[in-house]
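# Per-entry structural report
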Amino acid sequence: PDGSIVDRAGFLAQIARPVAIKGLRPADVRIRILGEIAIIHARTTYTKPDGQPGAGRYTDIWQRRDGRWLCVAAHVTRG
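Let me sum up the structure you'll find in this document. Once a new chain begins, its residue numbering starts again from 1 and follows that chain's sequence as written. Only residues with pLDDT of at least 70 get local features here, since the model is predicted, and only at 80 or more are side-chain atom pairs given and counted; chain-wide, interface and lining totals rely on the full set of residues. Water and hydrogen atoms play no part in the side-chain values, which are based on all heavy atoms of the structure.

## So, the packing of aromatic side chains
Our working rule: Only the six-membered ring of Trp is used, alongside the rings of Phe and Tyr, when aromatic pairs are assigned; centres must lie within 6.5 Å, and planes under 30 degrees apart are stacked while those over 60 apart are edge-to-face, with the rest tilted. Criterion for a charge above a ring: Arg CZ or Lys NZ at most 6 Å from the ring centre, at most 35 degrees from the ring normal.
Within this structure, the stated rule accounts for 0 aromatic pairs. In this arrangement the basic side chain of R78 is found over the ring face of Y46, its NZ or CZ atom lying 5.9 Å from the centre.

## Here's the deal with the pattern of salt bridges
The test is simple: The salt bridge definition used is simple: a Lys or Arg side-chain nitrogen within 4 Å of an Asp or Glu carboxyl oxygen. The numbering of helices and of strands both runs from the N terminus, where a helix is a DSSP run of H or I of at least 4 residues and a strand a run of E of at least 2. Exposure classes here rest on a 1.4 Å probe applied to the protein chains alone. A residue is buried below 20% of its type maximum, exposed above 50%, and partly exposed in between.
Applying the stated criterion to the full structure yields 2 salt bridges. One salt bridge in this structure joins E36 and R64, with 3.3 Å as the shortest N-O distance. Placement of E36 in the loop between β1 (22-34) and β2 (37-47) and of R64 in strand β3 (residues 53-65) is noted, with a sequence separation of 28 residues between them. Taking the relative accessible area as the measure of exposure, E36 reaches 43% and is therefore partly exposed.

## Some words on a nonpolar patch on the surface
The following threshold applies: Grouping into patches uses exposed residues only, defined as over 30% relative accessible area, and leaves out salt-bridged ones; the cut-off is 9 Å for like charges and 5 Å for nonpolar side chains (Val, Leu, Ile, Met, Phe, Trp, Tyr). The protein chains shown are the only cover counted for residues, whose accessible areas, like all others here, come from Shrake-Rupley with a 1.4 Å probe.
Among the surface-exposed residues, V6, F11, L12 and I15 lie close enough to one another that they form a single nonpolar patch of about 330 Å² accessible area. Here I15 lies in helix α1 (residues 8-16).

## Some thoughts on the side chain of T44
We count it as follows: Note on definitions: a residue-residue contact is assigned when non-hydrogen atoms from the two residues lie within 4.5 Å.
If you trace the backbone, T44 turns up in strand β2. Look at T44 and you get buried, because its relative accessible area is 9%. When sequence neighbours within four positions are dropped, the list of residues in contact with T44 reads L24, R25, P26, G54, A55, G56, R57 and Y58.

Rendered as structure tokens:
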């Protein structure tokens, strides 16, 4: 959410940290399947650690490989 670009190892390290926000809820989820690729867009709302409301958007790109769906790219913004 800070605008940085991270590789797979960096992303896994980020998501392994304890979550500071609460009540994360997706909304306006849009999934487009384009053959072996799926693009997911959504809006999110949540509560920040200080109790203030927060919101953001995300885009995930998934690819079907050997019959399994794998996330190959993700973009997150938070406000």
